[in-house]
Amino acid sequence: MARIAVIGAGMGAMAAAARLAVAGHRVTVYERSETFGGSVGRYAHEGFAFDTGPTLLHLPAVYRDLFVKTGKEPLERCVTMTQVDPASRHIFADGTTVSLPNASRAGVVAALDAALGGGAGAVWGEFLDRARDAWDRSRRPLLEEPLRSDWQVLGRDPYPALRQRRLLRSARQAGTVAEVGAWELSDPRLAALFDGYALSYGLDPLRAPAAAALLPYMEETFGSWYVSGGIRALAQAVYERCLARKVEFVFGGEVARVVEKDGRAAGVELLDGTVAEAGHVVLGARPNPGLVPGQELWRDGDVAVQPGQGVVPGRFLVLLSLRGARPADAVHRTLVHPADGASEREAVFGGRLADRPTVTVLRPDDPSTRPDDAHEAVTLMATVAPHGAVDWTDAALRERCTDALIEAASAAMPGIRERLLHAEVRTPAETAADTGAEGGSVPAPALAGARGAYLHPGNRTRLPGLYAAGGWSHPGGGLAHAGMSGALVAGLIVEGDGFRGSQ
Ligand SMILES: Cc1cc2nc3c(=O)[nH]c(=O)nc-3n(C[C@H](O)[C@H](O)[C@H](O)COP(=O)(O)OP(=O)(O)OC[C@H]3O[C@@H](n4cnc5c(N)ncnc54)[C@H](O)[C@@H]3O)c2cc1C
């Protein structure tokens, strides 16, 4: 039995903590804020309540596995999860609207055929077949195993792009999301659909590898799940599972540095100078340069932090308290696509404000989000440039962006302005405060391809005894991926460096 210090109480860190405690270790989580969950927060105002981070879960198997491996009560007994159906509605710039059913390939194909015509359903269905290959080839050796030392083999894109015949003899194959859209999906609305998936994970469609196709595959195959009480209820359940396994939490416990002794991690030092000794340390937050004095956690040869993405974007949220009931036929999630996706991409990844962003409108059918049935809580979300590139504390800028989101959302909810009681705005500046991540950036899931530029640093660091979990390490960001990182770190500590992922 070893003492283990975990830095941060985000989802990846808590997933690691619960598993390590079950393996018999004494685990203490040091969290700089006064609560658990990190990005997975909740904002409540006069009877309305909103998630301030992710709002849907797409790979529940990761958390089911965590609950099975750490106790008797399965996940479904700890939280109420329902599949959102339709999974999403899309409003394209030309006014076309389509609702995609949840976890039904045939249903999605039929819906696209009916709404877009021209065999669009079959084109998307064939794309998803290729996306399934990308998923199958990514599960191992990318997602379910620690990052291999010869990670360069993951530089090849697992998406089997179609060979496009050209006039001259040479053939070309799509290498990026945008190229898949232009060369394989043909219909600009299907291309906008794929772009929208990539952007919602913080990926630039112009540069992200075609392997990002596994993201729509994942969502459309394993479903979109809503947790009653919001994703915060999932974080609460993971926290309670940690407590049940005797994990200790020190809130208000910001770690200033990792203590090093005889060339290995030997504990943590808090801001107030308190030192806690530990046999292993798990870093569950974005590493900052001073955390391990004089030590590089990873070197170039170990995969740098998201080198493929110069700008790692964040999210802009408008939390709307509305008068008037939620209509029974309201769709949970609607994406309103812009006319000019290219200029949105240029703005977000060029570090500027987009005039007309892709906006996700979220209308959960959950009484716990509203004071009564004569009111509705609605969240608007867009992917935006991080704080620093844009000054998200500038009141005029916040207002302009809020207005752009509400304007776009009007296509999904006509009359939204007239129903408005209160609008709370959350920008990357607030995310930075919640997570400690510079700029309030939100890490994207790791992807193979692009010569490894979309991989994340491995869970082992250069300092023996120091491991990394959560969205900034392998296999990247997002609820599901962070949960996987927790399993990998626990495996490496419990089973040692030979651990190759659970079967
Ligand atoms: C607005 C928003 C929307 C998102 N939308 C989605 C989505 O739709 N789908 C999806 O899958 N994912 C989404 N994500 C990402 C997802 O929430 C995270 O990737 C996931 O929760 C994993 O987080 P993490 O484990 O990396 O920890 P984080 O959430 O980053 O938390 C890190 C924790 O560490 C603490 N900490 C930092 N430094 C220290 C220190 N020195 N000492 C002590 N504690 C410290 C922080 O206070 C924080 O609690 C979203 C995130 C945000 C912010």
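Residues numbered from 1 in each chain as written. Predicted model: local features only at pLDDT ≥ 70, side-chain atom pairs only at ≥ 80, totals over all residues. Heavy atoms only, no water.

Right, let's get into the confidence of the model for the chain. When pLDDT is averaged along the chain, the result is 94; 97% of the residues meet or exceed 70. Below a pLDDT of 50 lies the segment residues 304-308, which in the model reaches 16 contacts outside its immediate sequence neighbourhood of four places, other chains included. (pLDDT = per-residue confidence, 0-100. Contact = heavy atoms within 4.5 Å.)

With 94 residues, the main nonpolar core has Y63, W124 and L203 as its most contacted residues. Ranked by size, the runner-up nonpolar core spans 27 residues in total, among them L322, V336, A382 and V384. (Core = buried A, V, L, I, M, F, W, Y, C linked by side-chain atoms within 4.5 Å. Buried < 20%, exposed > 50% of the residue type's maximum accessible area, 1.4 Å probe, protein only.)

Next up on the list: the sheet that holds strand β13 (residues 264-270). One open sheet accounts for three strands, arranged β12-β13-β14; its pairing is antiparallel. For this open sheet the edge positions go to β12 (255-261) and β14 (275-277), each flanked by a neighbour on one side alone. When the angles between neighbouring strand axes are averaged without regard to direction, this sheet yields 30°. Where β12 meets β13, six bridges bridge the pair, whose relative direction is antiparallel. Directly across from V258, in β13, lies its bridge partner V268. (Pairing = 2+ DSSP bridges. Helix = DSSP H or I, 4+ residues; strand = E, 2+ residues; numbered from the N terminus. Axes fitted to C-alpha atoms, helices over the stretch in contact; angles between N-to-C directions.)

A separate point is the packing of aromatic side chains. Aromatic ring pairs are described here by two measures, namely the spacing of the ring centres and the angle between the planes. Inspection of every chain in the model, using the stated rule, returns twelve aromatic pairs. A ring pair is formed by Y239 and F251, whose centres lie 6.1 Å apart and whose planes are at 55°; its orientation type is tilted. In this pair, Y239 is assigned in helix α9 (residues 231-244) and F251 in strand β11 (residues 248-251), connecting sequence segments twelve residues apart. Look at Y239 and you get buried, because its relative accessible area is 14%. For F251, a relative accessible area of 26% translates into the label partly exposed. (Phe/Tyr/Trp six-rings, centres within 6.5 Å; stacked < 30°, edge-to-face > 60°.)

Before going further, it helps to examine the site of the ligand. The environment of the ligand is formed by 31 residues, the closest being G12, E31, S39, G471 and G478. D434 is positioned with one of its backbone polar atoms (N or O) 3.3 Å from an oxygen atom of the ligand. One of the backbone nitrogen or oxygen atoms of L479 is found 2.9 Å away from an oxygen atom of the ligand. Alone, the ligand offers 1,000 Å² of accessible surface; in the complex the protein occludes 92% of this. Every element with two or more residues in the shell around the ligand is listed here: α1 (11-22), β2 (26-31), β16 (314-323), α12 (428-435) and α13 (479-495). The leading source of residues in the shell around the ligand is α12, at three residues. Taken together, the residues of the shell around the ligand sort by class into eleven nonpolar, 15 polar and five charged. (Near = heavy atom within 4 Å. Polar contact = N/O pair within 3.5 Å; in protein donor to acceptor, adjacent residues only side chain to side chain. Areas by Shrake-Rupley, 256 points an atom, 1.4 Å probe, with all protein chains shown as cover. Nonpolar A, V, L, I, M, F, W, Y, C, P; charged D, E, K, R; others polar.)

So, on to the pattern of salt bridges. By the definition in use, this model includes 26 salt bridges. Note that R189 is salt-bridged to D94, the shortest N-O span being 3.4 Å. With R189 in helix α7 (residues 188-200) and D94 in the loop between β6 (88-91) and β7 (97-100), this pair connects stretches of sequence that are 95 residues apart. Notably, a salt bridge pairs R148 with D150, separated by 2.8 Å at the nearest N-O pair. (Salt bridge = Lys/Arg side-chain N within 4 Å of Asp/Glu carboxyl O.)

Our next topic: the pairing of strand β15 (residues 280-283). Burial of β15 is two-sided: the residues H280 and V282 facing one way and the residues V281 and L283 facing the other way are all buried. Where β15 and strand β21 (residues 466-468) come together, three bridges link them in parallel fashion. Each residue of the ladder has a partner; that of V281, found in β21, is L466.

The subject of this paragraph is the environment of L75. Looking at the secondary structure, you find L75 in helix α3 (residues 75-78). Take L75: its relative accessible area is 1%, and that puts it in the buried class. The spacing of L75 and D65 is ten residues in sequence and 8.5 Å in space, taken between C-alpha atoms. Excluding its chain neighbours within four sequence positions, the residues that come into contact with L75 are P60, Y63, R64, F67, M81 and L234.

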